[in-house]
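# A closer look at the structure
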Amino acid sequence: MGSFKGIRDKVAIIGMGCSKFGEHWDKHQNDLIFEATKEAIEDAKIELKDIEAAWAGTWVSGFDGRCLADPLKLQYIPVTRVENACASGSDAFRNACYAVASGAYDICLAVGFEKLKDSGWSGLPDQQSVPSNRYPDRTAPGMFALMATTYFSKYGLSPEEGKRMIGMVSVKSHHNGTLNPKAHLRREVTIEQVMNAPIIAWPLGLFDCCGVSDGAAAAIVVSADKAKDYRPDPVYVKALQISVCPSEGEQRADYDFTQVKATVRAGEAAYAEAGVTNPREEISMAELHDCFSITEAVTCEDLQFSPRGKVKEDIESGFFDLTGGLPVQPDGGLKSFGHPIGASGVRMLYEMYLQLQGRADQRQLKDPKLGLTHNLGGIPISNTVSVLIIGL
Amino acid sequence: MAGIASYGAYIPLHRLSRPDIQKAWDSMMPIPGEKAVAGYDEDSITMAVAAARDCLTGIDRQKVDRVYFASTTSPYKEKQAASVVAGALGLSKNTLTMDFSGSLRSGTNALRAATDAVESGAAENVLIACAETRIGAPNGDKEMSFGDGAAVLLVAKNGPVNIEGSVSVFQEFHDQWRSDKDTYVRSWEERFAREAGYTRIVPPTVAAALQKFNLSPSDIAKAAIYAPDPRLLGMAAGKMGFDPMAQLQDPMYMSVGNTGCALSLMMLVAALEDAKAGDNLLCASYGDGCDVFVLKVADGIDKIKDRRAIKRHLEPKMMIPNYLKYMQWRGLVETQAQPRPPINHISVPALWRDMDWGLSLHGVKCKNCGTPQYPRQRVCVICQATDNFEPYSFADKKATISSFSHDNLAASIDPPTTIAAVDFEEGGRIVCNMVDRDPEEVKTGMPVEMVFRKVHYFEGIHNYWWKCTPIRC
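Read on for a plain summary of the structure. As the structure is a prediction and not an experimental result, all values here were calculated from the model. (Residues numbered from 1 in each chain as written. Chains lettered and ligands numbered in written order. Predicted model: local features only at pLDDT ≥ 70, side-chain atom pairs only at ≥ 80, totals over all residues. Heavy atoms only, no water.)

Let us look at the overall build of chain A. Within chain A, the secondary structure is distributed over 13 helices and 11 strands. For 392 residues, the compact-globule estimate of 2.2 N^0.38 gives 21 Å, and chain A sits close to it at 19 Å. Expressed as a percentage of the 392 residues in chain A, the buried residues total 64%. For chain A, contacts bridging at least 24 residues in sequence account for 77% of all contacts bridging at least 6. (Helix = DSSP H or I, 4+ residues; strand = E, 2+ residues; numbered from the N terminus. Rg over C-alpha atoms; globule rule 2.2 N^0.38 Å. Buried < 20%, exposed > 50% of the residue type's maximum accessible area, 1.4 Å probe, protein only. Contact = heavy atoms within 4.5 Å.)

This is how it looks when you write it as structure tokens:
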């Protein structure tokens, strides 16, 4: 961390909003941005004109500050678009928090959004305007499947045992999603359904993959000392960390696909910033970047929720269930929400915020203190990871 | 005297059964055997590169001063193929590159030009890379008989195989042709082609060559003679005075098919694999005339027998599951577009800039920590030393895969797309596609080799890169 001092408890969230996620054939991204922001400002009991600066997080659905200024008719304030792959939303939030922490602004807005379902493609669209001449079509499931192959092989799991382990991750998240009216996919699935589903990228089947959705989520942040002027139960920012991998896995043969080093580093830095020494005990709940079931499993080890190579035991014991010791994806995760790239990081924060305020309805956990979000952009060999911690 | 210093060959792994073609068209005439079919990502350039790598095993590539690419199926009408081959092989920038095309004699035409160049002293080491991927019109005799393959010869001053000399005749004649507007080979009535063409041209030219070098047919250990089909070769053998069983090199009709201008050179390579010092060999091609070469095998032939050549390429094979798949690979049937972002741009400046790492699979090796890395870096991925690298070639390095997946989402003509992390024994990793594999057989830790293949085609540009395959043999 060098001399990084962090901004623990200097910034608070006073309002959040989240659109329903799904295939919004009838909505432009501007509708989703508006819906999420409207809910956030009503939650914060402020007006749009109170916002002093804003950050937008999107991967391919907007290109500059106008993507927020236009739909919200923000009046000549600074607006910046942030792009950091699937962690774009988390990074927009981070920038808004730093602006408040610096003292430059009192009230800032961060909106993460993505409109993927206009492309017509299966999977994600291509972001590059000039595609690589050399690399063939690389898909997210294809690249994350490498993790599963190596994890199974390294820890001696047969394909059947391995698929059962990651399958249970999806069964749990699908269950949580049934309790969430804003989730895209709201149905229970059985382990048999998961394991027998068509293969998308061996060994990952259909239910090992998150869906492709449209959505938006928004957060209003103010300096911590003014937070109680707005509401009695603000949620405080404990840690904001991003770690970017220099694409080592692409070139280094010693990268073995059973961990994401940027998650490990961002996690360690976030725990240091938040003063967490025993994550398994101290983190009350987490929204992890479960783009694929194997990603969630490996992330639980990378973030020290489970010892290396032992996540299977915690998955099997229900440790990450809503009723477990450290509930993961209480809102249903990317698995149930789908993954509108820029929106996901802020959507994760939305669930942690609701839970900390006791507003998570049927999903409400008992007395949570610290919520962690993990937002992973890229692929196992090359990525950008954000770990944020918020709490009371 | 010019000689053959080395040889190599390539036969695609994939084979299509002729009864499967017959079944697809419900045609009456049963034709046995199978034909070799280039993979969906192979063409005459990639096959020439594969055979050239075989030929250059253990040979200093910087010695090669000319590359003659010979084919009637160059992927380009305008743009040289030999330069792509030379680039992929990482040859010296001073290499003279030429394409020989337009005739089924292109392969032996190149051999003649190479022989003349070496004998005159104009060149020292000429690489003849001959490959063919002709497509016969669906439901026709040529679809049945044509096969894909490549042969490569290195012609130099001193080879273990002396090129005694050659005799050539030309014959302006339309027995078989393909205009600049045709996809498929056309031909006149078979009886005319046989009687007025092949049998009137090949046997006399072979006889003239034997006479020129004071040989009788019985002096020839093996004759590698092109023929459009084995029946015609059998008929002509008697006229030429050869014992078909003992002296004629197998034209591989049952296993590979008619590989056009590459066939007589592939047969010559097969003959060289079995040759011993003192053998006289004959090689003849046919197309708008006839070229006949007489060669004499000298001591040292055994030193270049560690090639894959014909035999070791013939044996391992993978049957194409059905005829439609073959049609799709060759672009003969339009299929529903896959719901993935299309390749809609190729950057020519980037292709040019990336020539070393993209075309010849060169990376760099850090002079500080010694780690090979791909692609080229300015800052070392291990020790972060800057601009302290030397060039490093990955193409022929031993490697195993540490991970893989079989991706059904990625757009592919031959799904699933197998992705593999290729870890090189001497260091470095390349994450790329694996082809010519049975998904069931792919395991972590399996040894692989790198192959030069086509990755995209857009707006007339064939875009090549490297993939991995299980070790072929």
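Now that the structure has been shown, we can carry on.
We now examine the packing of aromatic side chains. By the definition in use, this model includes 18 aromatic pairs over all chains. Taking the centre distance of 4.6 Å and the plane angle of 50 degrees together, the rings of A:Tyr151 and A:Tyr155 count as tilted. When its relative accessible area of 27% is taken as the criterion, A:Tyr155 is described as partly exposed. When the centroid spacing of 5.1 Å and the interplanar angle of 80 degrees are considered together, the rings of B:Tyr198 and B:Tyr286 count as edge-to-face. Note that B:Tyr198 is positioned in helix H6 (residues 190–212) and B:Tyr286 in strand E12 (residues 280–286), a separation of 88 residues in sequence. (Phe/Tyr/Trp six-rings, centres within 6.5 Å; stacked < 30°, edge-to-face > 60°.)

Time to look at the pairing of strand E7 (residues 149–156) of chain B. Residue and element names in this part refer to chain B. When you tally the buried positions in E7, you get eight out of eight residues, the bulk of the element. Here E7 shows a buried face lined by Gly 149, Ala 151, Leu 153 and Val 155 and a second buried face lined by Ala 150, Val 152, Leu 154 and Ala 156. Bridge count between strand E1 (residues 3–10) and E7: seven bridges; the pairing is antiparallel. Pairing of Tyr 10 across the sheet is with Ala 150, part of E7. As paired strands, strand E6 (residues 125–132) and E7 are joined by eight bridges and run antiparallel to one another. Across the sheet, Val 126 pairs through a bridge with Val 155, a residue of E7. (Pairing = 2+ DSSP bridges.)

Moving on to the sheet that holds E7(B). All names here are of chain B. Pairing is mixed across the open sheet formed by nine strands, whose spatial order is E5-E4-E6-E7-E1-E8-E13-E12-E11. With partners counted over all chains shown, the strands left at the sheet margins are strand E5 (96–100) and strand E11 (220–225), one partner each. Taking each pair of neighbouring strands and ignoring which way they run, the sheet shows an average axis angle of 25 degrees. Note: strand E8 (residues 161–170) against strand E13 (residues 289–297), nine bridges, orientation antiparallel. The partner of Asn 162 across the bridge, within E13, is Lys 296. (Axes fitted to C-alpha atoms, helices over the stretch in contact; angles between N-to-C directions.)

Residues and elements named next belong to chain B. Per the counting criterion, the structure on display carries six cavities of 30 Å³ or more. Roughly 80 Å³ of volume is contained in the largest cavity. For the largest cavity, the lining is made up of 15 residues, of which Tyr 40, Asp 414, Met 434, Val 435 and Arg 437 are closest to its centre. Elements with a contribution of two residues or more to the lining of the largest cavity: strand E19 (417–424) and strand E20 (429–434). Looking at side-chain class alone, the lining of the largest cavity contains five nonpolar, six polar and four charged residues. (1 Å grid on protein atoms, 1.4 Å probe; cavity = no way out; pocket = protein on both sides within 12 Å on 5 of 7 lines; lining within 4 Å. Points joined across faces, edges and corners; volume = space filled by probe spheres on them. Nonpolar A, V, L, I, M, F, W, Y, C, P; charged D, E, K, R; others polar.)

To locate leftover empty space, one rolls a probe as large as a water molecule over the atoms. All names here are of chain B. In this structure, the second largest pocket occupies an estimated 1,000 Å³ of space. A total of six residues in the lining of the second largest pocket trace back to one element, the largest contributor, which is strand E21 (residues 447–458). Looking at the lining of the second largest pocket, its residues break down into 19 nonpolar, 10 polar and 19 charged.

Quick look at the interface of chain A and chain B now. Contact with chain A, which involves 38 residues of that partner, is made by 42 residues of chain B. For the pair chain A and chain B, the summed buried area comes to about 3,500 Å², and 56% of that belongs to carbon and sulfur atoms. Between the two partners, chain A and chain B, sit zero salt bridges. For the pair chain A and chain B, the interface holds 18 residue pairs in polar contact (both at pLDDT 80 or more). Looking at which element gives the most residues to the side of chain A that touches chain B, the answer is helix H4 (residues 140–154) of chain A, with eight residues. Its residues assigned to classes, the side of chain A that touches chain B shows 19 nonpolar, 12 polar and seven charged. One ladder, built from two bridges, connects strand E5 (residues 199–202) of chain A with strand E18 (residues 399–407) of chain B; its direction is antiparallel. Among the inter-strand pairings, A:Trp202 is bridged to a residue of E18(B), identified as B:His406. (Buried area = accessible area lost by both parts, 1.4 Å probe. Salt bridge = Lys/Arg side-chain N within 4 Å of Asp/Glu carboxyl O. Polar contact = N/O pair within 3.5 Å; in protein donor to acceptor, adjacent residues only side chain to side chain.)

Relative to the assigned elements, B:Arg376 resides in the loop between strand E16 (372–373) and strand E17 (389–393). C-alpha separation for the pair B:Arg376 and B:Lys365, spaced 11 residues apart in sequence, amounts to 8.8 Å.

Residue and element names in this part refer to chain B. Taken together, the three strands give an open sheet; going across it, the order is E16-E15-E17, and neighbouring strands pair in antiparallel fashion. Lying at the two open borders of the sheet, with one neighbouring strand each, are E16 and E17. Inspection of the sheet shows strand E15 (residues 362–366) paired to E16 by two bridges, in the antiparallel sense. Paired with Lys 365 across the two strands is Pro 372, which belongs to E16.

All names here are of chain A. Contact geometry of H4 with helix H10 (residues 293–302) gives a least axis separation of 9 Å together with a crossing angle of 65 degrees. Considering only the axes of H4 and H10, their crossing is left-handed. Residues Phe 144, Met 147, Ala 148 and Tyr 151 of H4 form the contact with H10, whose participating residues are Ile 294, Thr 295, Val 298 and Glu 301. (Left-handed = near helix turned anticlockwise from the far one by under 90°.)

All names here are of chain B. Structurally, the position occupied by Thr 371 is in the loop between E15 and E16. Thr 371 gets classed as buried once you look at its relative accessible area, which sits at 18%. Aside from chain neighbours lying at most four places away, what touches Thr 371 is Val 364, Lys 365, Cys 366 and Ile 382.

Attention shifts here to the pattern of salt bridges. Residues and elements named next belong to chain A. Per the counting criterion, the structure on display carries 56 salt bridges over all chains. Notably, a salt bridge pairs Lys 49 with Glu 47, separated by 3.9 Å at the nearest N-O pair. Given the relative accessible area of 65%, Lys 49 is considered exposed. For Glu 47, a relative accessible area of 46% gives the class partly exposed. Note that Arg 94 is salt-bridged to Asp 91, the shortest N-O span being 2.7 Å.

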